[in-house]
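Chain and residue survey
Each chain is listed here by its residues.
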Amino acid sequence: MGRLAGRRALFAVPVVLVVTLGVFAIAAASPFDPVKAYAGTAALGADQETLDRLRENLGVDESFVVRWWHWLTSALTGDLGHSSVLRQPVTQVIGERLVWSALLCAVAFAVAVTLGTLLGVLAARRPGSMLDRAVTSLAYTLEAAPVFWIALLAVWLFALQWDVLPAGGLTDTASEHVTPGQVAGHLVLPAGVLAVSQLPWFTLYVRQGVADALAEDPVRGARARGLGEGTVLLGHALRSGLLPVLTLIGSRVPELITGALLVESVFSWPGIAAATVEAATAVDFPLLAALTTLATAAVLAGNLLADLLYGLFDPRVELSEM
């Protein structure tokens, strides 16, 4: 396990370097002017000399390679720079918002995996039945639905029509303090929508994996020995059928991050989505690079987690050989 993690860590270094360099290159080619974004409305009445001096102070007059190198060497010492658009240190921007994004993603992912496993097992018990067709049809429908469309539909139904859940934000409008109860109430809709966007993949994978496992000889032998259906399903078929889902966990991390950004924007959830949008439109190099590095690290960690889980649960795989 340690050797696998070490190899992945070494592999992550050039990946992060290339990704962050690409971010600076793309940002440099962006049509947005970071100086005007920083100055705001004051840039409309400023003369060219003032704008040039501001451009020099912000360091955006240098080539993107030079800016990338300065950011990289500072990041290695723990200094991620200063966000020009949010007027805060990048570490403070991420620290204030990351916990809420992590909470949203963790709850949504747990709900998607749990509910997807349950629906997949129920559908796989009797392939071709009405329940199987209903579950798979629902999964394919949700798979084709854009997450922002699901989010808007949820706001219209639960917040506007039924008025049972808040439409957005972290706490009630008149509240001056953040309480666990208010956070939980405001988390239901965004986490539910994000979970629904991930649900089809787990449902279909579990359904196929368990259905294939039920047709294998070991499971048939267990039934022939007189074991109960619940024991056969949970003790034999489910364990074998969940193996493909372990590899799915890593591959769904990028989609989870992208979906979370859209969901946070719709529900005004105070995560990193708003900071990402502002950093992109204002060409905020330090913040863009830090957020991209964070997303890249999450994807690499997801892939490593999937491999480790596969090695732990699949008896045919030895972690020492990975």
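What comes next is a walk through the structure. Per chain, the residues get numbers from 1 upward, laid out in the order the sequence is written. This being a predicted model, a pLDDT of at least 70 is required before a residue's local features are given, and a value of 80 or more before pairs of side-chain atoms are given or counted; all residues contribute to the totals for chains, interfaces and linings. By convention in this description, side-chain values take in all heavy atoms of the structure and omit both hydrogens and water.

**Structural notes on the environment of V266**
This is how the line gets drawn: Here a helix means four or more residues in a row that DSSP labels H or I, a strand means two or more in a row labelled E, and each is numbered from the N terminus. Summary of the burial criterion: residues with accessible area below 20% of their type's maximum are buried, those above 50% are exposed, and those between are partly exposed, where the area comes from a 1.4 Å probe applied to protein chains only. The contact definition used throughout considers only heavy atoms, calling two residues in contact when any of these lie within 4.5 Å.
Note that V266 resides in helix 11 (residues 243–267). Assessed through its relative accessible area of 27%, V266 is described here as partly exposed. For the pair V266 and W149, spaced 117 residues apart in the sequence, the C-alpha separation amounts to 9.7 Å. In this structure, V266 is in contact with A151, L152 and V155, ignoring residues within four places of it in sequence.

**Focus on the layout of surface pockets**
Inclusion rule: The definitions used throughout rest on a 1 Å grid laid over the protein atoms alone, on which a cavity is an enclosed set of points accommodating a 1.4 Å probe that cannot get out and a pocket is an open set flanked by protein within 12 Å on both sides along at least five of seven lines; lining residues are those having an atom within 4 Å of a point. Grid points are joined across faces, edges and corners, and a volume is the space filled by probe spheres set on the points. The nonpolar class holds Ala, Val, Leu, Ile, Met, Phe, Trp, Tyr, Cys and Pro. Asp, Glu, Lys and Arg form the charged class, and all remaining residues, Gly among them, are polar.
Space inside the largest pocket adds up to approximately 530 Å³. In this structure, the largest pocket is lined by 24 residues; those nearest its centre are L98, C105, I257, L294 and A298. Those elements that provide at least two residues to the lining of the largest pocket are helix 5 (90–125), helix 11 and helix 13 (285–313). Element by element, the count of residues in the lining of the largest pocket is highest for helix 13, at nine residues. Here the lining of the largest pocket is built from residues that sort into 19 nonpolar, four polar and one charged.

**Details of the packing of helix 5 against helix 11**
Applicable threshold: Simply put, an axis is a line fit to the C-alpha atoms, just over the touching stretch for a helix, and the angle between two N-to-C directions goes from 0 to 180 degrees. For classification, angles of less than 35 degrees are called roughly parallel, those exceeding 145 degrees roughly antiparallel, those between 65 and 115 degrees roughly perpendicular, and all remaining angles oblique. Left-handed describes a crossing in which the near helix is turned anticlockwise from the far one by less than a right angle; the clockwise case is right-handed.
Between helix 5 and helix 11, the least distance of the axes is 10 Å, while the angle of their chain directions is 125°. The orientation of helix 5 relative to helix 11 falls into the category oblique. Judged by the sense of rotation from one axis to the other, the crossing of helix 5 with helix 11 is right-handed. On the side of helix 5, the interface is formed by S101, L104, C105 and F109, while helix 11 contributes I249, R252, L256, A260, V263 and E264.

**What to know about the pattern of salt bridges**
Quick note on the threshold: For this document, the term salt bridge refers to a Lys or Arg side-chain nitrogen within 4 Å of an Asp or Glu carboxyl oxygen.
If you walk through the whole model with that rule in mind, you get two salt bridges. Linking E96 and R97 is a salt bridge whose minimum nitrogen-to-oxygen distance equals 3.5 Å. Overall, R97 belongs to the buried group, its relative accessible area being 18%. For the salt bridge of R207 with D132, the shortest nitrogen-to-oxygen distance reads 2.7 Å. Highlighted residues: R207 in helix 8 (residues 180–214) and D132 in helix 6 (residues 130–144), separated in sequence by 75 residues.

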